[in-house]
Amino acid sequence: MQDFPNASLLESRQTGTETQISMDQQNTVTAVDNGDKNRKKIAWSGIVATVPQAGGGRKEVIKNVSGVAEPGEVLALMGGSGAGKTTLMNILAHLDTNGVEILTNPQILFCDEPTSGLDAFMASEVVRALLDLAAKGKTIIVVLHQPSSTVFRMFHKVCFMATGKTVYHGAVDKLCPFFDGLGREFRVPESYNPADFVMSEISISPETEKDDIQRIEFIISEYQKSDIGNEMLKNTRTTIDEFGGYGEDEEDDGSNRYNSSFATQFNVLLKRSLRTTLRDPLLLRVRFAQIVVTAILVGVVNWRTELSGPTIQNLEGVMYNCARDMTFLFYFPSVNVSCVIIRKNSCEKLISNIYSVFDLKAWYSRKTRLKFGT
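About the cut-offs
- Residues numbered from 1 in each chain as written.
- Predicted model: local features only at pLDDT ≥ 70, side-chain atom pairs only at ≥ 80, totals over all residues.
- Heavy atoms only, no water.
- Helix = DSSP H or I, 4+ residues; strand = E, 2+ residues; numbered from the N terminus.
- Buried < 20%, exposed > 50% of the residue type's maximum accessible area, 1.4 Å probe, protein only.
- Contact = heavy atoms within 4.5 Å.
- Areas by Shrake-Rupley, 256 points an atom, 1.4 Å probe, with all protein chains shown as cover.
- Pairing = 2+ DSSP bridges.
- Axes fitted to C-alpha atoms, helices over the stretch in contact; angles between N-to-C directions.
- Salt bridge = Lys/Arg side-chain N within 4 Å of Asp/Glu carboxyl O.
- Patch = residues over 30% accessible without salt bridge, like charges linked within 9 Å, V, L, I, M, F, W, Y side chains within 5 Å.
- Lys, Arg positive; Asp, Glu negative; His and termini not counted.
- Charge placed at Lys NZ, Arg CZ, Asp CG, Glu CD.

- With an unreviewed UniProt entry as reference, the protein chain is termed AAA+ ATPase domain-containing protein, source organism Caenorhabditis latens.

What to know about the overall build of the protein chain
And then number 1: Looking only at helices and strands, the protein chain features twelve helices and ten strands.
And then number 2: Relative to its 374 residues, the protein chain shows a buried fraction of 40%.
And then number 3: Long-range pairs, those at least 24 residues apart, make up 65% of the contacts in the protein chain with a sequence separation of at least 6.
And then number 4: Element-wise, carbon and sulfur atoms account for 54% of the exposed surface of the protein chain, whose accessible area totals about 21,000 Å².

Topic: the sheet that holds strand 6 (residues 74-79)
And then number 1: Taken in spatial order, the five strands of this open sheet run 7-8-6-9-10, and their pairing is mixed. Bordering the open sheet on either side are strand 7 (108-112) and strand 10 (165-171), each of which pairs with just one other strand. Averaged over all adjacent pairs, the angle separating strand axes in this sheet is 15°, with direction ignored.
And then number 2: Sheet topology note: the strand 7/strand 8 (residues 139-143) ladder contains five bridges and is parallel. Each bridged residue has a counterpart across the sheet, and for cysteine 111 the counterpart in strand 8 is valine 142.
And then number 3: The strands touched by helix 7 (residues 209-225) are strand 9 (157-162) and strand 10; relative to strand 10, the strand with the most contacts, the crossing angle is about 45°.

Some remarks on the pattern of salt bridges
And then number 1: According to the stated counting rule, one finds seven salt bridges in the structure shown.
And then number 2: The salt bridge involving lysine 157 is made with glutamate 73; its shortest N-O contact spans 3.5 Å. Taken together, the positions of lysine 157 in strand 9 and glutamate 73 in the loop between strand 5 (58-69) and strand 6 put the pair 84 residues apart, joining distant regions of the chain.
And then number 3: The partner of arginine 215 in a salt bridge is glutamate 201, with the nearest N and O atoms 3.5 Å apart.

Some words on a positive patch on the surface
And then number 1: Positive charge collects at one region of the surface, where Lys271, Arg272, Arg275 and Arg279 lie side by side.
And then number 2: Of note, arginine 275 is situated in helix 9 (residues 262-278).
And then number 3: Judged by its relative accessible area of 44%, arginine 275 is partly exposed.

Structural data, given as structure tokens:
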């Protein structure tokens, strides 16, 4: 087995615990090029993740999980609390860091509950936007929690997880036929949300834990023996055998060292800052009043000053001080917040190759340009 103690860095930040991931050396996570630089498939096999327990020892939260996400499709990861869906996505996201930021136009995109807190209409709009991105050849993996039936049916594929294992991984339109084939008690009611029905079947209640686990193990066993399960496993094996394992990617010729140019950085940051400024009209009025008052004071002091030899030096000093004071007036707010912004945000973006160290000038340029513009 191959251990990656830091492979779930995102999960560790959220929970404050150390998650250890083990993967079979022959069946590791892989992102592959499908003959097109902008179309990538990600496959994973034999993933096991453990977390420390309060009383000592470690608990498996992911148990020998396999799967594949195709370009041009949106894969939804679903399951109850503790099923391992978020841990799995964090592992995949960490091992393929190209999917972190939309600004970099990634081939693989990971979204953690993008529809949470939204009404049905806005949730469907978010999913529709993801589908549009997928239609451009991107591979998208999302973690979902209780989607409506309309939103659920919009996804191409779904992966249900329970007790750290894969319960179902396949097309959304094949989910109901699969459960119907398990027996009458697993038949999805016609007027029922398929997602809600499956979640109820793979949930574990403390009062009926033994029966619930037995039911889940039965569904997992039937899935592994089904054509859907065999097809998914075959696709995963073929992908990994053909393209190799973890860390393999296309060669970098150095032609595009950073994922976004200075012009792109400046334009995006300027638009974002402009929107932020316009949303605070009180601040705009204060800045305007500050400029007007300063202009009046300078004008009153130098009112009707004659242009002569003795006064030229004084006027030059006034002009210099005005330019200097106005410059520093707008620079200081940038300096005051830059340390916080860079520490919290820019370091992560440097890791994601959104900004180079030199191109942090884009951040300062848009900050200063916006201040002078207002």
